[in-house]
Amino acid sequence: MPRIAAFGGAYANPYALRAVLADAEERGCSETYCLGDLGGFGAECDAIWPLLLNHGVQCLAGNYDVAISRGDDDCGCGYSDPLDNRYAQLIYDYTRANTSPDFAAWMGTLPDEIRRTIGGVDVHMVHGSPLAVNDFLWESLDDDELRFRLAMSGADALLCTHTGIPWQRRLDGRLVVNVGASGRPANDGRTETWYAVLELEDGHAEAELVPVAYDWRAHAESMRAARLPEPFVETVETGWWTTCLEIVPPPERSRGRYHVYREAMPSGFAAEGVGWADAPEPTDGALPVISMFGTALFPPRLWIYTNFHCNLACDYCLVASSPRARRREISEERFQALVDEAVAEGFAELYLTGGEPFIHPRIVPMVEYASDRLPTVVLTNAMLFTGARGRELARLARRPNLTLQSSIDGARSETHDKWRGHGSWDRAMAGIEYAHELGLPLRVAMTETPDNREEIPELRAQLNRIGITGSDFAVRPLVQRGFAEDLDEGMEVSDAVMVPELTITTDGAHWHPVGGDIGSSPDFVVAREDVSLAEAKRRVIERFLVLRQADGTLPAAFRCAV
């Protein structure tokens, strides 16, 4: 069975190239093809040439090779963002200065495509796409876009590179393979690089994407010896891209560790004050890029709706909870698994809400389990702390990682009760007093209404007397969600104007706790099924990047760089 090897992006990395060529030979590949971009990123530009010649590698020209051979001022990579181009220019200037004239001249003799019939399969090899040498064929490209490029090729199998991330897809009976790059990791957290092995027989093509380990430490050492910028070396050592990031589409970028340039962090979100605590600022200022998660763009705060039924039916309940709400309750086993996963995924705090969490029959052991592992805040109306529930609450006293957060919407009962129901203020204040006597740390949030705005100082003074002071008392706006969706006084919110706080319910994953009800806030749904927290985080990041490109905060993805 005819078997060939194909790779792209040698990127002046002779260490990886030797490993790829050896692996292809061991796998019995009869021919090996390089789809261009021989220089760039790495330090040892001329070391690539003899390896290609001695192993009989058949090469075509990538945009880098065209630019170097002509002596162009830039690489012609097709980046549209100034920050991407800044880093691309740094490495291009180095490559141009450290590529010998003979090697540059040889690059100028390379064809811009290779077409072969192998095993009865019409194979078309290009650098970017049949459309342009610097066209980006990302895995997230939709079928119509890909079909357009396939039509321009007409081949049974289309092989490309340029993006540096390998993938394959069969469309309309034809195979498209992005063979990846042999000289740089694929933004997957692995130090290996990638190439493709194709088996071609009787007019049928099958591809395998192959990771290859190599001496990346020697490669990193050579880059440091050449005084290349440290972010480039960081990528070699960690497998995560730290430069040329904005060109990567949201689906692919969300799978990486880093998501936005530090100096281009989006800001100015309109729905401020809806959450509770401030998020940390990015750390590790040595890198030009940051991860969204764990910053003000995506706080490391996980919300879990333990249940949705409630002893109250507040007029402004964001998630339409009430005694008659559809019964949705997370099991203790599922809850514990979520807590364990939250710890593994780097969440720094956990918020439990509902409905009224203390209606859940297993809430106390659930809170114990959570607060043993993470700082935990339980949102409660504090009205059920009597009898057996009151005795159970005592089990939670003096737990160092636990805070109870309640809602008091006025300094007197008539103001509070107008929105929350007759008698609710007296019972809530009694519950807060009882929790205080137990030594439980307390917070209070007041939802601002037309009726209570003048009572804020008075309520603050009342709470001060039981030790709720400073930032432990906060005023929150009315939000037009759930029962309050038609309130003129409410704030309009959407995923476009607020940063995400990942929220888990029995219905799936949600953008933010204010949209935790799938019935009244379907637009906030991130996943309608149980997905891992890692996958939910990835989907949130992808959606955030799409939204920021739509509002112009981040550069829009380029479809073609012609």
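See the structure above.
No experiment lies behind these values; they were computed from the predicted model shown. (Residues numbered from 1 in each chain as written. Predicted model: local features only at pLDDT ≥ 70, side-chain atom pairs only at ≥ 80, totals over all residues. Heavy atoms only, no water.)

### Quick look at a negative patch on the surface
- A cluster of like negative charges, contributed by Glu485, Asp486, Asp488 and Glu489, occupies part of the molecular surface.
- You can see Glu485 is positioned in the loop between strand E18 (473–476) and strand E19 (503–505).
- Given the relative accessible area of 46%, Glu485 is considered partly exposed. (Patch = residues over 30% accessible without salt bridge, like charges linked within 9 Å, V, L, I, M, F, W, Y side chains within 5 Å. Areas by Shrake-Rupley, 256 points an atom, 1.4 Å probe, with all protein chains shown as cover. Salt bridge = Lys/Arg side-chain N within 4 Å of Asp/Glu carboxyl O. Lys, Arg positive; Asp, Glu negative; His and termini not counted. Charge placed at Lys NZ, Arg CZ, Asp CG, Glu CD. Helix = DSSP H or I, 4+ residues; strand = E, 2+ residues; numbered from the N terminus. Buried < 20%, exposed > 50% of the residue type's maximum accessible area, 1.4 Å probe, protein only.)

### Things to note about empty space enclosed by the protein
- For the coordinates displayed, the defined rule picks out three cavities of 30 Å³ or more.
- In this model, the second largest cavity occupies a volume close to 240 Å³.
- Residues belonging to the lining of the second largest cavity are distributed by class as follows: 14 nonpolar, four polar and two charged. (1 Å grid on protein atoms, 1.4 Å probe; cavity = no way out; pocket = protein on both sides within 12 Å on 5 of 7 lines; lining within 4 Å. Points joined across faces, edges and corners; volume = space filled by probe spheres on them. Nonpolar A, V, L, I, M, F, W, Y, C, P; charged D, E, K, R; others polar.)

### Points about the sheet that holds strand E6 (residues 157–160)
- The mixed open sheet is built from five strands, whose spatial order is E4-E5-E6-E8-E7. This sheet does not close on itself; its edge strands, each paired only once, are strand E4 (114–118) and strand E7 (167–171). Between one strand and the next, the sheet's axes are offset by a mean angle of 15 degrees, whatever the strand orientation.
- Pairing geometry for strand E5 (residues 121–125) and E6, over three bridges, is parallel. Each bridged residue has a counterpart across the sheet, and for Met125 the counterpart in E6 is Leu159. (Pairing = 2+ DSSP bridges. Axes fitted to C-alpha atoms, helices over the stretch in contact; angles between N-to-C directions.)

### Focus on the packing of aromatic side chains
- As enumerated under the stated definition, the model contains 14 aromatic pairs in all.
- Taken together, a centroid distance of 5.6 Å and an interplanar angle of 5 degrees make the contact between Phe136 and Trp138 stacked. The pair formed by Phe136 and Trp138 is uniform in burial state, with each residue classed as buried.
- Taken together through their ring pairs, the aromatic side chains of Trp49, Phe103 and Trp106 make up a single cluster.
- For the cation-ring pair, Arg18 lies above Tyr15, with the distance from its terminal atom to the ring centre recorded as 5.8 Å.
- Taking NZ or CZ as reference, Arg548 lies 4.9 Å from the ring centre of Phe544, over its face. (Phe/Tyr/Trp six-rings, centres within 6.5 Å; stacked < 30°, edge-to-face > 60°. Lys NZ or Arg CZ within 6 Å of the ring centre and 35° of its normal.)

### Quick word on the sheet that holds strand E3 (residues 58–59)
- Here five strands make up an open sheet; going across it, the order is E3-E2-E1-E9-E10 and the pairing mixed. Only two strands of the sheet have a single neighbouring strand rather than two, namely E3 and strand E10 (204–212).
- Bridge analysis of strand E2 (residues 31–34) against E3 gives two bridges, and the strand direction is parallel. Bridged to Cys34 within E3 is Cys59.
- Across the sheet, helix H1 (residues 14–26) is in contact with strand E1 (3–7), E2, strand E9 (193–201) and E10; its angle to E9 comes to roughly 25 degrees. (Contact = heavy atoms within 4.5 Å.)

### Things to note about the state of the cysteines
- Enumeration according to the criterion identifies one disulfide in this entry.
- One disulfide bridge connects Cys75 with Cys77, the sulfur atoms lying 2.3 Å from each other. Judged by the sign of its S-S torsion, about -135 degrees, the bond between Cys75 and Cys77 is left-handed. The same class applies to Cys75 as to Cys77, namely buried. (Disulfide = S-S within 2.5 Å.)

Fair warning: the whole summary comes from geometry, so function is off the table for now.
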